[in-house]
Amino acid sequence: MSQTSAERAKALSQNLVEILTSYEEELMALEREAPAMGQLRRAVGITIAEACFLITDESVGQTEWAPPASGPAPRASS
């Protein structure tokens, strides 16, 4: 990934973290009243964590975060 692409990905990830953090805080409050909101809050939290990883990982390449171009991803064995 070119330097410009990496910088753009990091900027987009930072924006995503800023936006989702406020939603996660609201979802935490909602979860107290409606425990079913926990799944949505966890999904938002995971997305925030993945964005933070992209922001901080200097060596991340496109092949590490993009789906494979040659068809569906291999299935994990059980």
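Note that this is a predicted model, so its numbers are computed, not measured.

Rules used in this analysis
Residues numbered from 1 in each chain as written. Predicted model: local features only at pLDDT ≥ 70, side-chain atom pairs only at ≥ 80, totals over all residues. Heavy atoms only, no water. Helix = DSSP H or I, 4+ residues; strand = E, 2+ residues; numbered from the N terminus. Contact = heavy atoms within 4.5 Å. Areas by Shrake-Rupley, 256 points an atom, 1.4 Å probe, with all protein chains shown as cover. Polar contact = N/O pair within 3.5 Å; in protein donor to acceptor, adjacent residues only side chain to side chain. Salt bridge = Lys/Arg side-chain N within 4 Å of Asp/Glu carboxyl O.

Asker: What is the right way to look at the overall build of the protein chain in this model?
Answerer: When helices and strands are counted, the protein chain shows three helices and zero strands. N-terminal to C-terminal, the α/β element order of the protein chain is α-α-α. Here the analysis covers contacts within the protein chain between residues at least 6 apart in sequence; of these, 60% occur between residues at least 24 apart. By element, 57% of the accessible surface of the protein chain is carried by carbon and sulfur atoms, the whole surface being about 6,100 Å².

Asker: Help me understand the side chain of R41, please; the structure alone is not making it clear to me.
Answerer: Looking at the element boundaries, R41 is found in helix α2 (residues 37-56). Among the polar contacts made by the side chain of R41, one reaches the side chain of E31 at a distance of 2.5 Å. If we skip the residues at most four places from it in the chain, R41 touches E24, L27, M28 and E31.

Asker: Teacher, can you tell me more about the pattern of salt bridges here?
Answerer: Counted by the stated rule, this structure contains one salt bridge. Put simply, E31 and R41 hold a salt bridge, and the shortest N to O gap is 2.5 Å. Of this pair, E31 sits in helix α1 (residues 3-33) while R41 sits in helix α2, and the two are ten residues apart along the sequence.

These figures come from the coordinates and say nothing about function on their own.
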